[in-house]
Amino acid sequence: MTPSSSARILRTLSRKNAFYFFTSVGNYTGHRAMSLEEFANKIREVETASLEFHLYRGDFEKWADEVLEDREITERISAVKLLEPIGNALRDQLDFTVTKRLEELKTLNS
Amino acid sequence: MKLKNQVFSLDGLDWKILRAIQENSKQTYSEIGRQLGVAHSTVYDRIKKLEKNGVIKKWTVDIALEKLGITCITARMTVYTDPKESENVAKKLSEAKEVLEVSLSLSEELLIIAKVIARDQDELHSFIAKKVAPIQGVLRIRTSIITKKIKEERFLIEK
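Right, let's walk through the structure included here. All figures in this text were calculated on a predicted structure; none of them were measured in a lab.

1. Here we look at helix α2 (residues 36–45) of chain A
All names here are of chain A. Among all positions of α2, only Leu36, Phe39 and Ile43 are buried. When α2 is viewed along its axis, its buried side chains cluster within an angular range of 45 degrees and face the same direction. Exposed side chains of α2 directed beyond 90 degrees from the buried face belong to Arg44 and Glu45. Looking at the packing, one finds that the buried side of α2 touches α1 (3–10), β1 (19–24), β2 (27–33), α3 (48–57), α4 (59–68) and α6 (87–109).

2. Topic: α3(A)
Residue and element names in this part refer to chain A. Residues of α3 that are buried include every one of Ser50, Leu51, Phe53, His54 and Leu55, and no others. Of the surrounding secondary structure, the elements contacted by the buried residues of α3 are β1, β2, α2, α4, α5 (71–82) and α6. Positive backbone phi, approximately 85 degrees, marks Gly58, located one or two places after α3.

3. Focus on the interface of chain B and chain A
Taken residue by residue, the interface counts 15 residues in chain B and 11 residues in chain A. Breaking the side of chain B that touches chain A down by element, the ones donating at least two residues are β3 (73–81), α5 (121–132) and β6 (138–146) of chain B. For the side of chain B that touches chain A, the leading source of residues is β6(B), giving 6 residues. In terms of residue class, the side of chain B that touches chain A is built from 10 nonpolar, 3 polar and 2 charged.

4. A short note on the environment of B:Lys4
For B:Lys4, the location among the structural elements is in strand β1 (residues 2–4). Taking the C-alpha atoms as reference, B:Lys4 lies 27 Å from B:Ala39; in sequence the two are 35 residues apart.

5. Observations concerning the environment of A:Ala40
All names here are of chain A. With respect to the helices, strands and loops of the structure, Ala40 is situated in helix α2. Separated by 54 residues in the primary sequence, Ala40 and Leu94 place their C-alpha atoms 8.4 Å from one another. Leave out the neighbours within four places in its chain, and Ala40 touches Val98, Thr99 and Leu102.

6. Comments concerning the packing of α2(A) against α6(A)
All names here are of chain A. For the pair α2 and α6, the least separation of the axes is 9 Å and the interaxial angle reads 160 degrees. The pairing of α2 with α6 is recorded here as roughly antiparallel in orientation. Our pair here, α2 against α6, has a crossing hand that is left-handed. Taken together, the residues of α6 that come into contact with α2 (itself represented by Leu36, Glu37, Phe39, Ala40, Ile43 and Arg44) are Arg91, Leu94, Asp95, Val98, Thr99 and Leu102. Of the residues belonging to the contact of α2 with α6, the class tally is 7 nonpolar, 1 polar and 4 charged.

7. What to know about the nonpolar core
Soluble globular proteins tend to bury their nonpolar side chains together. All names here are of chain B. Counting residues in hydrophobic clusters, the biggest one holds 44 residues, and the most contacted among them are Val79, Ile128, Val132, Ala133 and Ile141. Looking at this core element by element, the count peaks at 5 residues for α5. Look past the residues within four positions of Val79 in its chain and what remains in contact with it is Val89, Leu111, Ile112, Ala114, Val132, Val138 and Ile141.

8. Observations regarding the packing of helix α2 (residues 29–36) of chain B against helix α3 (residues 40–52) of chain B
Residue and element names in this part refer to chain B. Packing of α2 against α3 leaves a shortest axis separation of 8 Å and a crossing angle of 110 degrees. The orientation of α2 relative to α3 falls into the category roughly perpendicular. Residues Tyr29, Ser30, Ile32 and Gly33 of α2 pack against His40, Thr42, Val43 and Tyr44 of α3. Of the residues belonging to the contact of α2 with α3, the class tally is 4 nonpolar, 4 polar and no charged.

9. A look at unusual backbone geometry
Residue and element names in this part refer to chain A. The phi dihedral of Glu69 is positive, around 60 degrees, even though this residue is not glycine. Locating Glu69 in the fold gives a position in the loop between α4 and α5. In the Ramachandran plot, Glu84 falls in the positive-phi region, its phi being about 55 degrees despite a non-glycine side chain. Glu84 sits in the exposed class, given 10 other C-beta atoms within 10 Å.

Conventions we followed
Residue numbers run consecutively from 1 along every chain, following the written order of its sequence. Here the convention is simple: chains get letters from A, ligands get numbers from 1, in the order in which they are written. Only residues with pLDDT of at least 70 are given local features in this predicted model, and only at 80 or more are side-chain atom pairs given and counted; all residues enter the totals for whole chains, interfaces and linings. The burial label depends on the number of other C-beta atoms within 10 Å of a residue's C-beta. Counts of 20 or more mean buried, 12 or fewer mean exposed, and intermediate counts mean partly exposed, with C-beta atoms placed from the backbone. Helix and strand assignments follow DSSP, with helices taken as H or I runs no shorter than four residues and strands as E runs no shorter than two, numbered in order from the N terminus. By construction, the arc corresponds to the directions joining the helix axis to the C-beta atoms. Any pair of residues counts as being in contact when their C-beta atoms, constructed from backbone geometry, are within 7 Å of one another. Ten residue types, Ala, Val, Leu, Ile, Met, Phe, Trp, Tyr, Cys and Pro, are classed as nonpolar, four, Asp, Glu, Lys and Arg, as charged, and the remainder, Gly among them, as polar. Lines are fitted to the C-alpha atoms to define the axes, a helix being fitted only along its stretch in contact, and any angle between axes, read from their N-to-C directions, falls within 0 to 180 degrees. Comment on the angle field: the value is read as roughly parallel under 35 degrees, roughly antiparallel over 145, roughly perpendicular from 65 to 115, and oblique elsewhere. Helix crossings fall into two classes, left-handed where the near helix is turned counterclockwise from the far one by less than a right angle and right-handed where it is turned clockwise. Here, a nonpolar core means buried Ala, Val, Leu, Ile, Met, Phe, Trp, Tyr and Cys residues linked by C-beta atoms lying within 7 Å of one another.

Structure (structure tokens):
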């Protein structure tokens, strides 16, 4: 991975491409992430019901793959899903996974 | 029909005609005239005036989509907005083909209530996540999917 490709993954997105956190079909929490860094922060803030809703629908993987265009984090999130965590265990695992990837990308970018 | 302070004042016959066509808009002028004891030309003139002045907004049809094998879900979406952006949010919602009705409501917070239609829950969620949540000024959204309709009527003229 080159610094420019890590910078691309770390970029700030448009409103249209941001990740919007819902707790169920049509119920938007008011939290959104316009970058990977904001996404990492929101994982610590939003209700675990929202994390469960999106993880098991495959929304995080879809966004990571199609919008951020980061195959690596997509695969790591898929691995978290396979463990079927719920509640705070899910929050902790997602937090660890996303924060670790964020740090790797920041190091590559510096 | 008379215009007074920007409001049309209808006489008894106008109201009776409106009630008749509200119950069955496919009736002919002659049938309505017979029911009301007036000439069909009178009914015609009154209806044309009501149309011309915008009292009758449109003639439409109520289609039973399920008879055509078209299944869809309806939901009531409550959108909490930044008061400065609410008009813009309402306008944007009104432009979407998935949105059938948009109303503003003033309770503790400024809300927009919209009736939304979609083929299924995935399509409904996708519309709200991709088209509604990103609108500038949208703070939160609460959505209730309607599972069973008990009654649906238009306001019925009682006069």
